[in-house]
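Residue-level listing of the chains:
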Amino acid sequence: MDVKSMKNYLYWLYCQFELITCSYLMEPWEKLLFYTFNIAMLVTVLYAAYIFVPGHISMAFQFFFHLFGNQHENTVSIVK
Amino acid sequence: INHIVHNGGLYKRPFNEAFEETPMLVAVLTYVGYGVLTLFGYLRDFMRQWKIEKCQNATEREEQKDFVPLYQDFENFYNRNLYMRIRDSWNRPICSVPGAKVDMMERVSHDYNWTFTYTGRVIKDIINMGSYNYLGFAQNAGTCQEAADKVLSQYGAGVCSTRQEMGNLDKHEELEKLVARFLGVESAMAYGMGFATNSMNIPALVGKGCLILSDELNHASLVLGARLSGATIRIFKHNNMQSLEKLLKDAIVHGQPRTRRPWKKILILVEGIYSMEGSIVRLPEVIALKKKYKSYLYLDEAHSIGALGPSGRGVVEYFGLSPEDVDVMMGTFTKSFGAAGGYIGGKKELIDYLRTSSHSAVYATSLSPPVVEQIITSMKCIMGEDGTTVGKARVQQLAENTRYFRRRLKEMGFIIYGNEDSPVVPLMLYMPAKIGAFGREMLKRNIGVVVVGFPATPIVESRARFCLSAAHTKEMLDTALKEINEVGDLLQLKYSRHRLVPLLDRPFDETTYEETED
């Protein structure tokens, strides 16, 4: 019955979210508006993260590599 | 953990009072919740203004739109957008005597609390944790009821006059002698309404050229009376004796603001038990200060008379002090005596003066005879003069209930404010959605509680207030505690980190006003 207790736990977590953000008190159309806005923001942030974060990490990696490992590249070019 | 104050031997028993600090995360989330609700409030107001939504609250008429706006301040905004959403937790109609258990009429709302309809069903035997029924005298059967019945047939229900004209019954004289004997003062006077006792008698005692030092969290009746009197009002921090002493010193040294003349009278207004915090006044220290600086003390024992002290005589007996030290002892009959009205007790000259010059005595109708008989019977019961030990048993039962309930709630992990011995137990909720949720969930489980929100408390410190009663048996308390535990787990209300902030006794300096220390 792990699925059932997991579902109960998730439902309880959802209830806590409702209580903290006061969507427990809102009428259904207000809830719809609030959740749509929240989910839209979340999706936008995740999508932006998906697009930009790998590029940013590789640029950061190159920057630090350039900073610490520049001699290595130079020796390679001289040998060539 | 609990600080024991040994202020030169003023306290004969430990004074355990604690106000745990709000956890940071909870405070932040409370503000988030209020922020979201405020945004939606603006949205709804916008929609109401542009007629997208039907406007169900009070607005000005079309012709008045160019006048000073009536409903634009924060209180009305809060009322329309936040209070309306959780309004079903208040003004619940009850249909039986509010004793330990009460019946309630069930009501539903189909348009989100703007209107209510009754389903016709009556919810029976709800455990009543909200009535100020400290000694359990809110009964519709028993000696008090029989005595009141007899008096009702003899005197009728109405008095139809003021005390000074034709409304002074022999019952009133009997009651006043009894009250004076109960409190241990020379003389007392009884009035028809507890609120009016404060608001109409403080103007008779002080006037312009006098100074009133009033506690931060005093009741609206005291504040109204102080304002009506025309005296200068200065506020000291709640139950903070260093703040009070500083104000007294400044008043004596500097006198009145412009003319530097000495104040005609300095009156200190305090309450016995503060009902929103559950704290008890530090009476020994207040009396010591009053004697040192030669000022007068007005003690409002609305909640503490009957509820504190080994024989129920109030906060003066609780601390083992003499009633002669308090100049004006005021109290109400509404809470522990199960009746209505208020009294003022003190020296004979003072009460004789109030009989002639108090607004209540001259203009207000006096107490109704059956109510007077209820007070007389219940007071005799508490004093033990009716020949039984019922009164003493009730006082002891209340003290036991208080200690048990508070200990159990603290062990469960809730944040409870106030003194260990006060029968008023505020449980902190903080978040606005939890106010409504707590009230509804407890009603589903057949327990009636009072939840308190913004205008009565600071906006982030909303709470649920339990009032214990001698009529609650241990089984009722156990049931209630079990349900509170369940609801606490369901709503995540167990914020306490068991770090009770110890009350500090260090000398007061300019930079520190708080009693807490990081």
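Residues numbered from 1 in each chain as written. Chains lettered and ligands numbered in written order. Predicted model: local features only at pLDDT ≥ 70, side-chain atom pairs only at ≥ 80, totals over all residues. Heavy atoms only, no water.

Peer 1: Quick rundown of the sheet that holds strand 10 (residues 296-300) of chain B? Include the residues and the values.
Peer 2: Each strand in a sheet pairs with its neighbour through backbone hydrogen bonds, running either in the same direction (parallel) or in the opposite one (antiparallel). All names here are of chain B. Ordered in space as 4-12-11-10-7-5-6, the 7 strands form an open sheet in which the pairing is mixed. Bordering the open sheet on either side are strand 4 (187-191) and strand 6 (232-236), each of which pairs with just one other strand. Adjacent strand axes in the sheet meet at a mean angle of 20°, parallel and antiparallel pairs treated alike. Pairing of strand 5 (residues 211-215) with strand 7 (residues 266-271), which is carried by 4 bridges, proceeds in the parallel orientation. Residue pairing for strand 7: Ile-212 is matched across the bridge by Leu-267. Across the face of the sheet, helix 8 (residues 283-293) comes into contact with strand 7 and strand 10 while running at roughly 155° to strand 10. Along the sheet, helix 10 (residues 348-357) makes contact with strand 4, strand 11 (328-332) and strand 12 (342-346), crossing strand 4 at roughly 30°. (Pairing = 2+ DSSP bridges. Helix = DSSP H or I, 4+ residues; strand = E, 2+ residues; numbered from the N terminus. Axes fitted to C-alpha atoms, helices over the stretch in contact; angles between N-to-C directions. Contact = heavy atoms within 4.5 Å.)

Peer 1: Residue-level account of the packing of aromatic side chains, with values.
Peer 2: If you walk through the whole model with that rule in mind, you get 24 aromatic pairs over all chains. The structure contains a cluster of three or more aromatic residues connected by ring pairs, namely Tyr14(A), Phe17(A), Phe34(A), Tyr35(A) and Phe40(B). Positioned above the aromatic ring of Phe116(B) is the side chain of Arg107(B), whose terminal nitrogen or guanidinium carbon lies 4.1 Å from the ring centre. Over the aromatic face of Phe137(B) sits the side chain of Arg394(B), whose NZ or CZ is 4.5 Å from the ring centroid. (Phe/Tyr/Trp six-rings, centres within 6.5 Å; stacked < 30°, edge-to-face > 60°. Lys NZ or Arg CZ within 6 Å of the ring centre and 35° of its normal.)

Peer 1: Tell me about the interface of chain B and chain A, and please be specific about residues and values.
Peer 2: Contacts between the two partners involve 21 residues from chain B, matched on the other side by 15 residues from chain A. Of the roughly 1800 Å² buried between chain B and chain A, counting both surfaces, carbon and sulfur atoms make up 71%. Among the residues chain B hides against chain A, the three largest losses belong to Phe40(B), Tyr112(B) and Ala433(B). Together they make up 28% of the total. Where chain B meets chain A, there are 3 salt bridges. Of the charged contacts in the structure, one is a salt bridge between Arg85(B) and Glu30(A), with a shortest N-O distance of 2.8 Å. Where chain B meets chain A, there are 7 residue pairs in polar contact (both at pLDDT 80 or more). In terms of residue class, the side of chain B that touches chain A is built from 14 nonpolar, 2 polar and 5 charged. (Buried area = accessible area lost by both parts, 1.4 Å probe. Salt bridge = Lys/Arg side-chain N within 4 Å of Asp/Glu carboxyl O. Polar contact = N/O pair within 3.5 Å; in protein donor to acceptor, adjacent residues only side chain to side chain. Nonpolar A, V, L, I, M, F, W, Y, C, P; charged D, E, K, R; others polar.)

Peer 1: Which residues make up the domain arrangement of chain B, and what are the values?
Peer 2: All names here are of chain B. Segmenting chain B into domains produces domain 1 (20-128 + 389-497) and domain 2 (143-383). Spacing between the C-alpha centres of domain 1 and domain 2 amounts to 29 Å. Of the residues lining the interface, 19 residues belong to domain 1; the matching set on domain 2 comes to 18 residues. For the pairing of domain 1 and domain 2, the buried interface totals around 1300 Å² over both sides, and the portion due to carbon and sulfur atoms is 60%. Sorting the residues of domain 1 by area buried against domain 2 places Val-395, Val-424 and Arg-465 first, and these three jointly supply 30% of that buried surface. For the pair domain 1 and domain 2, the number of links is 1 salt bridge. With its nearest N and O atoms 3.1 Å apart, the salt bridge here joins Arg-463 to Glu-277. (Domains from an automatic or database assignment.)

Peer 1: Now, about the sheet that holds strand 14 (residues 424-428) of chain B: what can you tell me, with residues and values included?
Peer 2: Residue and element names in this part refer to chain B. Spatial strand order, 14-17-16: 3 strands in an open sheet with antiparallel pairing. The sheet terminates laterally at strand 14 and strand 16 (450-452), the two strands that pair on one side only. Between one strand axis and the next, the sheet turns by 30° as a mean value, whatever way the strands run. Where strand 16 and strand 17 (residues 463-467) come together, 3 bridges link them in antiparallel fashion. Counterpart to Val-451 in the pairing with strand 17 is Ala-464.

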